[in-house]
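Tertiary structure, described
Chain residues, written in single-letter form:
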Amino acid sequence: MQVSQKDFEKAQEQLKLLKNDPGNETKLKLYALFKQATEGPCNSPKPGMLDFVKKAKWDAWNSLGSLSQDNARQEYTKLVSSLISAESAGRKKDTSPGESGHGGYETLIVTTDNNITKIMFNRPEKKNAINHKMYREIINALQEAAKDDSTIAVFTGNGDYYTSGNDLNNFSNVQPSEMKKMAKDAAELLKEFVGSFIDFPKPLIAVVNGPAVGISVTLLGLFDVVYASDRATFHTPFSQLGQSPEGCSSYLFPKIMGSAKANEILLFNKKLTASEACALGLVNEVFPDSTFQKEVWARLKAYASLPKNSLAVSKQLLRNIEKEKLHAVNSQECEVLTERWLSDECLNALVTFFQRKSKL
Ligand SMILES: CCC/C=C/C(=O)SCCNC(=O)CCNC(=O)[C@H](O)C(C)(C)COP(=O)([O-])OP(=O)([O-])OC[C@H]1O[C@@H](n2cnc3c(N)ncnc32)[C@H](O)[C@@H]1OP(=O)([O-])[O-]
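An unreviewed UniProt entry lists the chain under the name Enoyl-CoA delta isomerase 2, with Gallus gallus given as the organism. In the Subcellular location (unreviewed entry) part of its UniProt record, the chain is described as follows: "Peroxisome".

Observations concerning empty space enclosed by the protein
Across all of its chains, the model carries one cavity of 30 Å³ or more by this definition. Put simply, the largest cavity is a space of about 60 Å³. Lining the largest cavity are Phe121, Ile130, Ile138, Phe155, Tyr162, Phe193, Phe197, Ser216, Leu219 and Phe223. Its residues placed into classes, the lining of the largest cavity shows nine nonpolar, one polar and no charged.

A look at the sheet that holds strand β10 (residues 285–287)
The sheet built from seven strands is open, its strands ordered β1-β2-β3-β4-β5-β7-β10 with mixed pairing. At either margin of the open sheet sits one strand with a lone partner, and together these are β1 (100–101) and β10. Pairing geometry for strand β2 (residues 108–113) and strand β3 (residues 116–121), over six bridges, is antiparallel. By the bridge assignment for β3, Asp113 is matched with Ile116.

Digging into unusual backbone geometry
Although it is not a glycine, Asn128 adopts a positive phi angle of roughly 60°. Within the fold, Asn128 resides in the loop between β3 and α5 (132–147). Accessibility expressed as a relative area gives 0% for Asn128, which makes it buried. Within the chain, Asn269 stands out as a residue other than glycine whose phi angle is a positive 60°. Within the secondary structure, Asn269 sits in the loop between α9 (259–266) and β9 (272–273). Classification of Asn269 by relative accessible area gives buried; the value is 19%.

Considerations on the sheet that holds strand β6 (residues 212–213)
Pairing between the strands of a sheet comes from backbone hydrogen bonds, and it takes one of two forms, parallel or antiparallel. The strand order β6-β8-β9 describes an open sheet built from three strands, whose pairing is mixed. Of all the strands in the sheet, just β6 and β9 have a single pairing partner and so form its edges.

So, helix α13 (residues 323–340)
Each turn of an α-helix holds 3.6 residues, which means side chains three or four residues apart point in the same direction. Its 18 residues place the ends of α13 26 Å apart at the C-alpha level, agreeing with the 26 Å of an ideal helix rising 1.5 Å per residue. Burial in α13 covers these residues: Leu326, Val329, Asn330, Glu333, Cys334, Leu337 and Thr338. Considering only its buried residues, α13 is in contact with α6 (179–198), α8 (249–257) and α12 (308–320).

Description of the pattern of salt bridges
All told, the structure shown has 17 salt bridges when counted by the stated rule. For Lys16, the salt bridge goes to Glu13, with nearest N and O atoms at 3.1 Å. Here Lys16 and its partner Glu13 are both found in helix α1 (residues 5–16), three residues apart, which amounts to about one turn of the helix. Given the relative accessible area of 60%, Lys16 is considered exposed. The salt bridge partner of Glu188 is Lys184, with a shortest N-O separation of 3.7 Å.

Conventions we followed
Per chain, the residues get numbers from 1 upward, laid out in the order the sequence is written. Where local features are concerned, this predicted model is filtered to residues with pLDDT of at least 70; where side-chain atom pairs are given and counted, the filter is 80 or more; whole-chain, interface and lining totals use all residues. The side-chain numbers reported here are obtained from all heavy atoms of the structure, hydrogens and water having been left aside. UniProt positions are given in the numbering used here, feature names are shortened, and annotations may be inferred rather than shown by experiment. Site definitions follow a grid-based scheme: protein atoms alone, a 1 Å grid, a 1.4 Å probe that fits but cannot get out for cavities, and for pockets an open set with protein on both sides within 12 Å along at least five of seven lines, plus lining residues having an atom within 4 Å of a point. Grid points are joined across faces, edges and corners, and a volume is the space filled by probe spheres set on the points. Residue type decides the class: Asp, Glu, Lys and Arg count as charged, Ala, Val, Leu, Ile, Met, Phe, Trp, Tyr, Cys and Pro as nonpolar, and the leftover types, Gly among them, as polar. Here, strands pair whenever DSSP counts at least two bridges between them. By definition, any uninterrupted DSSP run of H or I lasting at least four residues is a helix, any uninterrupted run of E lasting at least two residues is a strand, and each is numbered from the N terminus. Accessibility here uses a 1.4 Å probe with only protein chains present; expressed as a share of the type maximum, an area under 20% marks a residue as buried, one over 50% as exposed, and anything in between as partly exposed. Here the expected span of a helix is defined as 1.5 Å times the quantity of residues minus one. In what follows, residue pairs with any heavy atoms lying within 4.5 Å of each other are defined as contacts. Here a salt bridge means any side-chain nitrogen of Lys or Arg lying within 4 Å of a carboxyl oxygen belonging to Asp or Glu.

This is the structure in structure tokens:
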């Protein structure tokens, strides 16, 4: 997209019409892009350490390096336009007073409040099963949360389930001639999906409000903290479904809980109670369901008031040691699954589910 000087000036006018404060980080970004667009790379002397505001502005501008004035104009205009559309999308109906809703999601409720971006699975009538749309929306929500003003991001489920994992309808209505393509596309989506958890730059917390199945369990190894209600259970019925582990669990579960315990869970479908998952190190702490929400959100509010940048750099230090390995594991798991999805074992398990002969 080529942005003219006129578009750039229009964006400056539009910015004045914003009703909500976009937050310091976004304001610094806008400042830096504006300076780069109008004056080119940072050319002023570095302010003293104690001149916090000037230093933050200088750092933001300087961080743009040799970005061209054209590109800076373009990025500035794009950022303003995204702020305007987010504001005009308005607050979602499901938000409480004080929460700002992120519009445009069908399968999730995404809100930001008290420096916490909450991403809530929202298909309660289907036990929050993750259909293709939800995979895509989660990837988008994580991208948004990485850039927004929140300090931490939290996943939870609406209704009685956390989530029942992959929506098995993702595999239905596929013509035999399209099976290979379906498996390849699904593996690509899964790789991108898990990759967005591996790369997420801020502390990521799971508030497991009820039973969790399949991929929603394996992904927990990629979260920084996991809190669970005592109603929650953790089940990865991969063999039963003719499938194989994903979410980097083939590497992270043995690391978290030791091979023997991981084998029972990942090979033999062992379903864990919340207290078992806690004893194995997959869950940090279990709360009685009656006080779960109150206790957990009070704690998260306190975490989210800690210095945001310090938390982000610390999270990244911890994650970066393993990032490459995790991406490699993710690729391999997706490759194996591509084959599994074409196997008779997997097809038979799906037929069984849809015939309602057995439930897990
Ligand atoms: C891609 C990456 C690899 C990922 C692997 C995994 O995640 S492996 C793990 C994959 N996950 C599984 O294998 C879990 C499969 N699901 C189950 O075994 C059971 O539904 C249950 C135990 C979760 C809840 O039993 P319950 O008797 O309490 O409730 P209910 O059964 O009456 O459910 C209400 C409605 O929701 C529907 N629905 C729920 N979950 C799914 C789903 N995942 N899919 C589709 N639909 C699902 C259900 O059909 C029903 O729809 P209806 O009839 O109203 O149109």
